[in-house]
Amino acid sequence: MSHSHHPEQHFIQRTGWLRAAVLGANDGIISVTSLVMGMAASGASSHTLLITCIAGLISGATSMAAGEYISVKSQSDIEEADLKVEARELEKNPHLELKELTHIYIQRGLDPELAHQVAIQLTEKDALEAHARDEIGINDITAAKPIQAAGSSALSFSIGALFPTLSILFSPEIYLEKVVLVVGILSLVILGALSSYFAGTSMLKGSLRVAIWGIIAMAFSSWIGSLFHVTPI
Ligand SMILES: [Zn+2]
């Protein structure tokens with residue numbers, strides 16, 4: 001399949017990519033901040049908190065990448081299998097396939113004569129591409145890219161996890177827990193608004209929803225952590 005060069009498609013691509021990145025960063029903030037809050041409530045030292053934070057970042061990014069790779073890879077396997085079937089059909093029954101394509105264009109609103117011409121020309125240009133796009137619905141934008149997906153979700157998770165990491169590194173020890181909490185909530189509010197923006201939904205609702213779920217996760221971890229409270233050194 002050739003790459004498309006229409007400027008209006010780049011925006012769609014970028015929006016999808018940004019939206020996925022924002023969601024990954026949300027995960028990184030919520031899970032690592034909750035982890036740190038839980039450990040802090042158990043009375044862990046700031047040194048332990050930093051190690052916990054980094055371990056959370058690495059394990060989270062790795063598992064995000066693995067999960068994303070597996071899910072996108074299975075999607076791309078399906079697409080590949082579909083394309084193989086289609087290529088075989090094109091070789092075996094070129095006539096039937098041309099009819100099929102013509103029918104698709106008639107259903108999309110072209111009159112039979114024009115549909116037939118379009119089908120013939122597109123078949124001459126690249127039959128498999130035409131069938132992939134107009135029959136199966138695979139194009140360059142939807143084509144699944146497992147490595148890219150895995151890399152970008154690991155990266156965005158890590159960026160989210162950087163918020164609690166930097167809070168621990170740069171805040172005075174007595175305020176550490178509060179700073180981690182406040183930075184966590186503020187960054188969630190901002191990212192929640194951003195992800196609503198990309199999804200085209202209400203930014204206020206989006207940021208509130210993410211912030212509330214984030215606070216619940218953090219409060220729950222703190223509560224669990226406090227059950228294990230050991231006297232700070
Ligand atoms: Zn076909």
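Just so you know, the residues in each chain are numbered from 1, in the order the chain's sequence is written. With the structure being a predicted model, the display of local features is reserved for residues of pLDDT at least 70 and the display and counting of side-chain atom pairs for 80 or more, all residues being used for whole-chain, interface and lining totals. For side-chain calculations, the full set of non-hydrogen atoms in the structure is used, while hydrogens and water are omitted.

Under the annotation held in an unreviewed UniProt entry, the chain carries the name VIT family protein and is attributed to Acinetobacter nematophilus. The chain has a UniProt comment under Subcellular location (unreviewed entry) that states "Endomembrane system". UniProt positions are given in the numbering used here, feature names are shortened, and annotations may be inferred rather than shown by experiment.

Caption draft 1: Quick look at the packing of helix 5 (residues 146-170) against helix 6 (residues 176-199). To get an axis, a line is fitted to the C-alpha atoms, and for a helix only the part in contact is used. The angle between two axes follows their N-to-C directions and goes from 0 to 180 degrees. Helical segments are the DSSP runs of H or I of at least four residues, strand segments are the runs of E of at least two, and each set is numbered from the N terminus. Viewed as axis vectors pointing N to C, helix 5 and helix 6 meet at an angle of 150 degrees, and their least axial separation amounts to 9 Å. Here helix 6 runs roughly antiparallel to helix 5, going by the angle between their axes. Classified by chirality, the crossing of helix 6 by helix 5 is right-handed. Mapping the contact onto sequence places Phe-163, Pro-164, Ser-167 and Ile-168 in helix 5 and Leu-176, Val-179, Val-180, Val-183 and Ser-187 in helix 6. Classifying every residue of the contact of helix 5 with helix 6 gives seven nonpolar, two polar and no charged. Angles below 35 degrees are treated as roughly parallel, those above 145 as roughly antiparallel, those between 65 and 115 as roughly perpendicular, and all remaining angles as oblique. Take the far helix as the reference: if the near one is turned anticlockwise from it by less than a right angle, the crossing is left-handed, and if turned clockwise, right-handed. When checking whether two residues touch, look at their non-hydrogen atoms; a contact exists if any pair is within 4.5 Å. Three categories are distinguished: nonpolar for Ala, Val, Leu, Ile, Met, Phe, Trp, Tyr, Cys and Pro, charged for Asp, Glu, Lys and Arg, and polar for the others, with Gly belonging to the last.

Caption draft 2: Structural view of the coordination of the zinc ion. Coordinating donors are taken to be N, O and S atoms lying within 2.8 Å of the metal, or within 3.2 Å when the metal is Na, K or Ca; because water is excluded from the atom set, some sites may appear incomplete. In this structure, Glu-86 (OE), Glu-97 (OE), Glu-100 (OE), His-131 (ND1) and Glu-135 (OE) serve as the protein donors to the zinc ion, at separations of 1.8 to 2.3 Å. Sequence positions of the residues that donate to the zinc ion give the spacing E-x10-E-x2-E-x30-H-x3-E. Of this pair, Glu-97 and Glu-100 both sit in helix 3 (residues 94-107), separated by three residues, roughly a single helical turn. Using a relative accessible area of 5% as the deciding quantity, one classes Glu-97 as buried. Each residue is assigned to one of three classes by its accessible area relative to the maximum for its type, calculated with a 1.4 Å probe on protein chains only: buried under 20%, partly exposed between the two thresholds, exposed over 50%.

Caption draft 3: Spatial organisation of the packing of helix 2 (residues 46-92) against helix 3. Two numbers describe how helix 2 lies on helix 3: the axes approach to 5 Å, and their chain directions differ by 115 degrees. Taken together, helix 2 and helix 3 sit at an angle that is classed as roughly perpendicular. Counting all contacts with helix 2, which are made through Glu-86, Glu-89, Leu-90, Glu-91 and Lys-92, the residues of helix 3 involved are Pro-94, Glu-97 and Glu-100. A class-by-class count of the residues in the contact of helix 2 with helix 3 yields two nonpolar, no polar and six charged.

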